Amino acid sequence: MKLPPLFAAWRQALHLGYGARALRGDISAGLTVGIIAIPLAMALAIAVGVAPQHGLYTVLVAAPLIALTGGSRFNVSGPTAAFVVILLPITQQFGLGGLLLCTMLAGLILITLGLLRAGRLIAFIPYPVTLGFTAGIGIVIATLQIKDLFGLTLSEQPQHYVEQVGLLLRSLPSAHLGDALVAVICLTVLIVWPRWVPKIPGHLVALTVGAVAGALLESSGLSVATLGERFSYTLDGVTHPGIPPFLPDFAWPWLLPGPDGQPLELSYELFRQLLAPAFAIAMLGAIESLLCAVVADGMTGSSHEPNGELIGQGLGNLVAPLFGGITATAAIARSATNVRAGAFSPLASMIHAGVVLVAILWLAPLFSYLPMAALAALLVMVAWNMSEAPHVMHVLRIAPRSDVLVLLTCLILTVLFDMVLAVGVGLLLAAGLFIKRMSELTDTTALSREQRRILRDMPEHVATYAIRGPLFFGAAEKALGALRRFNPEVKVVIVDISAVPMMDMTALASLENVLVDYRRLGVTLILSGSSAQVRLKLRRAGIHRLQGHLLYVRNLTQAREKALRLLRPEPDPAPV
């Protein structure tokens, strides 16, 4: 089996010619995207229930490794909002160690998908399914930020959406005015700033303004929760607020804390419980990464290697957890920014990881002053952009009712249950509706005017039909069943199948049943105009030409001659 190429993106960039102009573009794009990635990585790590430094470690390790080995020149990988609804329950149930171990399993699954060359199959996921679950994820993420937006004090952290909403409503009396004011200020900046100064990242300005506003509110007596108050690290026996200003250590995930704070115990049962969420992580990672690559290709006119990208994503998710990194995938917003900022090769993504490295080593103490409400406001904007609410409403107005049903089903199931169930049900529903539509295209109809002209003046003992469309399990019984409805006087049935592009096993079995009935009734079946592919399938199924029962002809003219010959009375035997 031919292996998908590693380093495909790098080889493509070098083949196109890498010069000083490309280097300047990569440096500019890497610096721009790196600045954007720092607060997003921390906010997304917090959203999945782990300390903010784990989001930075993800960018630091996974992003350059994926860029180096993957198949897209412009993809920028790191933590993404789409994973929040999957990773948060894993963290709650299995702790940090379980989350990192699950990510490693997902990495192995992604590598396997790439080796099996499954990259092209992701394109067969219907658009209403993708739009439905991404919109649902956006709603869930926005709901999860209400706690920090208003500084609420929650007595517990329920896993189900309806219970979460109920708890948030009951906790509204515990809201803090300071946090709410910071959230409003940051959201206002995030909405207004890009319209005024689009070249400067709005979320960077929003977080800066939020930190200043939080400090002013604290000085005036209004409390504002900050990252340094929520998270801390220990160095030489001394506890420090915020995130550690040093590089992560290598550690096996199962040696890290589980849900009870103790190291995980490796067992078959643990792997069994983690396998389903790992598969969900892998599938979502594959979908988002390849969709991101398609978007980047559309912006640049380039092409990506999907199977190489899957292997690169798998390697990144396999190695990053060993250094404290959580799940990574290509991010559409950051990749689009990467393209607009002038990126030419995967070096831009590697430089963006270098910016995060600088932030960890020299800016970590400043992050302690970031208000939690400001980070929550940033994620609310991410959720809004991800949900594509205006586009969803447009699709609901113009799309066929079957597609609207699939979209709403995926959205509701994502919100109320989980993404895995939503995608599974959505795919089944979309497949069922597709089969129904295809079956409606296949039928047994009357002959066309030209066909009737060829078969004019046929005896009443001849019945004629034309089958149009693919004969598969959803349509075969209906189409071939019509061949049983004819006058008992009929002795020859002519069926034009020139418009049948394929037949599956169900159709072949139905045709055999028709032939059994015809032999019992003494009726001959003449199949006209079958394609080479259909004839090959009929031969492989053992449905061969049988004189007096089944004949194959090239066209209706030959069918007419064969039918007349079959109906011609045999001459009496010569007298002895």
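The rules behind the values
Residues numbered from 1 in each chain as written. Predicted model: local features only at pLDDT ≥ 70, side-chain atom pairs only at ≥ 80, totals over all residues. Heavy atoms only, no water. UniProt positions renumbered as here; feature names shortened; annotations may be inferred. Axes fitted to C-alpha atoms, helices over the stretch in contact; angles between N-to-C directions. Helix = DSSP H or I, 4+ residues; strand = E, 2+ residues; numbered from the N terminus. Parallel < 35°, antiparallel > 145°, perpendicular 65-115°, else oblique. Left-handed = near helix turned anticlockwise from the far one by under 90°. Contact = heavy atoms within 4.5 Å. Buried < 20%, exposed > 50% of the residue type's maximum accessible area, 1.4 Å probe, protein only. Pairing = 2+ DSSP bridges. Right-handed = clockwise from strand over helix to strand, strands pointing away.

Identification of the protein as Putative sulfate transporter YchM from Stutzerimonas stutzeri is taken from an unreviewed UniProt entry. Reading the Subcellular location (unreviewed entry) entry of the UniProt record for the protein gives the comment "Membrane".

At a closest axis distance of 9 Å, the pairing of helix H8 (residues 177-196) and helix H9 (residues 202-219) adopts a crossing angle of 155°. Taken together, the axes of H8 and H9 lie roughly antiparallel to each other. Crossing hand, H8 versus H9: right-handed. Counting all contacts with H8, which are made through Gly178, Leu181, Val182, Ile185, Cys186, Val189, Leu190 and Trp193, the residues of H9 involved are Gly202, His203, Val205, Ala206, Val209, Gly210, Ala213, Gly214 and Leu217.

Okay, the pairing of strand E6 (residues 462-468) next. Of all the seven residues making up E6, five are buried; the element is thus mostly covered by neighbouring parts of the structure. Bridging between strand E5 (residues 443-445) and E6 involves three bridges; their strand directions are antiparallel. Paired with threonine 444 across the two strands is isoleucine 467, which belongs to E6. With six bridges joining them, E6 and strand E7 (residues 492-499) adopt parallel strand pairing. For alanine 466, the partnering residue across the bridge sits in E7 and is aspartate 496. What joins E6 to E7 is helix H20 (residues 476-481), and the crossover it makes is right-handed.

Counted residue by residue, E7 has six buried out of eight residues, so it is predominantly covered. Bridge count between E7 and strand E8 (residues 524-528): five bridges; the pairing is parallel. The residue bridging isoleucine 494 from the neighbouring strand is isoleucine 526, located in E8. Running through helix H21 (residues 505-521), the crossover from E7 to the neighbouring parallel element E8 is right-handed.

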